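Observations on the model geometry
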Amino acid sequence: QVQLLESGGGLVQAGGSLRLSCAASGSRISAHVMGWYRQAPGKQRELVASITSGGRTNYADAVKGRYTSSRDNAKNTVFLHMNSLKREDTAVYYCTAYNLPIFYWGQGTQVTVPS
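In this text, all values refer to a predicted model and were calculated from it rather than measured experimentally.

Observations concerning the overall build of the chain
- What the chain contains, in helices and strands, is zero helices and eleven strands.
- In the chain, the succession of helices and strands from N to C terminus is β-β-β-β-β-β-β-β-β-β-β.
- Radius of gyration (C-alpha) of the chain: 13 Å, near the 13 Å computed for a compact globule of 115 residues.
- The C-alpha extent of the chain, read off along each of the three principal axes, is 40 × 25 × 20 Å.
- The burial tally for the chain puts 42% of its 115 residues in the buried class.
- Relative to all contacts within the chain whose residues are 6 or more apart in sequence, the contacts with residues 24 or more apart total 53%.

Some details on the environment of H32
- Relative to the assigned elements, H32 resides in the loop between β3 (18-25) and β4 (33-39).
- Residues H32 and T52 lie 20 residues apart in sequence; the distance between their C-alpha atoms is 6.9 Å.
- Among all residues touching H32, those that are not within four sequence positions of it are V2, I51, T52, S53, R71, A97, Y98, N99 and Y104.

Looking at the side chain of S50
- Along the chain, the position of S50 falls in strand β5 (residues 46-51).
- Not counting chain neighbours up to four residues away, the residues in contact with S50 comprise M34, G35, R56, T57 and N58.

Points about unusual backbone geometry
- The omega torsion of the bond from L100 to P101 falls at 0°, within 30 degrees of zero and hence cis.
- Among the structural elements, P101 can be located in the loop between β9 (91-99) and β10 (102-105).
- Positive phi, close to 55°, is recorded for N76, a residue that is not glycine.
- The topology assignment puts N76 in the loop between β7 (67-72) and β8 (77-82).
- Unusually for a residue other than glycine, S84 sits at a positive phi of about 50°.

Observations regarding the pattern of salt bridges
- Under the counting rule described, the total for this entry stands at four salt bridges.
- The shortest N-O distance in the salt bridge between E46 and R38 comes to 2.8 Å.
- The class of E46 is partly exposed, set by a relative accessible area of 27%.
- You can call R38 buried: its relative accessible area is 6%.
- A salt bridge links D89 to R66, with the shortest nitrogen-to-oxygen separation between them at 2.7 Å. Here R66 lies in the loop between β6 (57-59) and β7 and D89 lies in the loop between β8 and β9, a separation of 23 residues in the sequence. You'll find D89 and R66 in the same group, each marked buried.
- The structure contains a network of salt bridges with shared partners spanning R38, E46, R66 and D89.

Thresholds applied
- Residues numbered from 1 in each chain as written.
- Predicted model: local features only at pLDDT ≥ 70, side-chain atom pairs only at ≥ 80, totals over all residues.
- Heavy atoms only, no water.
- Helix = DSSP H or I, 4+ residues; strand = E, 2+ residues; numbered from the N terminus.
- Rg over C-alpha atoms; globule rule 2.2 N^0.38 Å.
- Buried < 20%, exposed > 50% of the residue type's maximum accessible area, 1.4 Å probe, protein only.
- Contact = heavy atoms within 4.5 Å.
- Salt bridge = Lys/Arg side-chain N within 4 Å of Asp/Glu carboxyl O.

Written out as structure tokens, the structure is:
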């Protein structure tokens, strides 16, 4: 059993930066693929970043070059560094953990970039 708790969201001006954290409890996440999804009102939830158990990352085209995901397995925590934020980045961001056969979700944290 893995429980995920996101933190670090907030309101940031365009061009600014945020670091989201995802703290896992209940189980080690060292063997899990971790992901970050986001969902804006009226839009489908989309995967923006993932990081494998070995630290290899992938990013959606919309955030490539601006977002960086990292993990600290000793702290059972995953991070999402977001730079050069745009209004289009406004969404609820969700942390996920995957290791067959279970897919876990956090509660989400709001990121708002005003126009």
